[in-house]
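One-letter residues, chain by chain:
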Amino acid sequence: MKKILFFILISSMLCAQAGNENISYSTGNFFMKGNRPTTKEYIVDGLPYIDGDKFYKVEVKDYSKDVQTLRYNAFEDEMEFKNGDQLYYANKENNLSIHFTDLNKTYRCLQYRYNGNTKFGYLVILVENSKNSLYKKESIELLKGEKSPNAYSKDANDYYAKEKDLFLIGKDTQLLKFPKNAGDFAETFSLDKNIVADYIKKNKINFNKEKDLIKLVDFLNQR
């Protein structure tokens, strides 16, 4: 039986749980984080969103289709929804899958190990397989604006800038950065270097292109 997911503010619940950051809006144990700021108090140029500031229709696995529209805030690594003029974050739930139908993009909320550290956040699913999966970490950073060298011009505002996508490959929740070239790929996964080189040459694989990384993971999973 699918869980029911409501994104509705209930004033009596807010009063009853004032001061509690986690507020439940459904019987399906999906929680919202209330009263958490999602914007800076000063002017910042640009957007913290990868796909613009529009809210998109989503499908959440194991929940009903009656779901509030969402958008991914890549700077905060949070899923936002709006009620009136107030923005809220959906609570992160391990293994939660959120599919943006209009974007044809699915995010998985995962706790995973990377570079010896435990991470917990949203990754875009590129390949999910029992052998090896491929995910993309989208990020936006906040850069400092420059001060004006004189009194005749204004200081530049701080601004959001997209960071280079990080591609992570691995099994289960043990993920590592995608190898940078054919030699590293073959060595990392104990493959014959000649076979890998031949495949890359025949398929004109470019390690800087997402679609080619997907091909490489499919090739790896067939070995």
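Residues numbered from 1 in each chain as written. Predicted model: local features only at pLDDT ≥ 70, side-chain atom pairs only at ≥ 80, totals over all residues. Heavy atoms only, no water.

Considerations on the overall build of the protein chain
Each helix and strand in the protein chain was counted, giving 4 helices and 15 strands. A total of about 13,300 Å² of accessible surface is found on the protein chain, and carbon and sulfur atoms cover 46% of it. (Helix = DSSP H or I, 4+ residues; strand = E, 2+ residues; numbered from the N terminus. Areas by Shrake-Rupley, 256 points an atom, 1.4 Å probe, with all protein chains shown as cover.)

What about the packing of aromatic side chains?
Across all of its chains, the model carries 10 aromatic pairs by this definition. Between Phe100 and Tyr107, the ring centres sit 5.6 Å apart and the planes meet at 70 degrees, which makes this aromatic pair edge-to-face. Side by side, Phe100 and Tyr107 carry an identical accessibility label, which is buried. Seen from their ring centres, Phe178 and Phe185 are 5.9 Å apart, and the 25 degrees between their planes marks the pair as stacked. Given the relative accessible area of 0%, Phe185 is considered buried. Counting every residue linked through ring pairs, the aromatic cluster contains Tyr56, Tyr72, Phe100, Tyr107 and Tyr122. (Phe/Tyr/Trp six-rings, centres within 6.5 Å; stacked < 30°, edge-to-face > 60°. Buried < 20%, exposed > 50% of the residue type's maximum accessible area, 1.4 Å probe, protein only.)

Structural notes on the pattern of salt bridges
A full pass over the atoms with the stated rule returns 12 salt bridges. The salt bridge involving Lys92 is made with Asp77; its shortest N-O contact spans 3.5 Å. Of the two residues, Lys92 is situated in the loop between strand E7 (86-90) and strand E8 (97-100) and Asp77 in the loop between strand E5 (71-73) and strand E6 (78-83); the sequence distance between them amounts to 15 residues. Classification of Asp77 as buried rests on a relative accessible area of 11%. We note a salt bridge from Glu210 to Lys136, for which the minimum N-O separation is 2.9 Å. With Glu210 in helix H4 (residues 210-221) and Lys136 in strand E11 (residues 133-137), this pair connects stretches of sequence that are 74 residues apart. Overall, Lys136 belongs to the buried group, its relative accessible area being 9%. (Salt bridge = Lys/Arg side-chain N within 4 Å of Asp/Glu carboxyl O.)

Quick notes on the pairing of strand E9 (residues 105-114)
Of all 10 residues that make up E9, 8 are buried, and the element is covered over most of its length. Where E8 and E9 come together, 4 bridges link them in antiparallel fashion. Bridging from a neighbouring strand, Phe100 pairs with Lys105 of E9. Counting the residues that bridge the hairpin from E8 to E9 gives 4 residues, and of these Asn104 lies at a positive phi of roughly 50 degrees. (Pairing = 2+ DSSP bridges.)

Description of unusual backbone geometry
The backbone of Asn115 sits at a positive phi, close to 55 degrees, despite the residue not being glycine. Tracing the backbone through its elements, the reader meets Asn115 in the loop between E9 and strand E10 (117-127). One non-glycine residue with positive phi stands out, namely Ser190, at about 50 degrees. Of note, Ser190 is situated in the loop between helix H2 (182-188) and helix H3 (193-202).

Thoughts on H3
Those residues of H3 that fall on the buried side of the exposure criterion are Val196, Tyr199 and Ile200. Burial along H3 is one-sided: seen end-on, the buried residues are contained in an arc of 95 degrees. Exposed residues lying more than 90 degrees from the buried face of H3 are Asn194, Lys201 and Lys202. Buried-residue contacts for H3 involve H2 and H4. Capping the start of H3 is the job of one residue whose side-chain oxygen sits 2.8 Å from the backbone nitrogen of Asn194: Asp192. Looking one or two residues past H3, Lys204 carries a phi angle of roughly 50 degrees, positive in sign. (Arc of directions from axis to C-beta. Contact = heavy atoms within 4.5 Å. Polar contact = N/O pair within 3.5 Å; in protein donor to acceptor, adjacent residues only side chain to side chain.)

Here's the deal with the confidence of the model for the protein chain
Averaged over all residues, the pLDDT of the protein chain is 81; the fraction at 70 or higher stands at 77%. Counting interchain partners and residues more than four positions distant, the pLDDT-below-50 stretch residues 1-31 has 65 contacts. (pLDDT = per-residue confidence, 0-100.)

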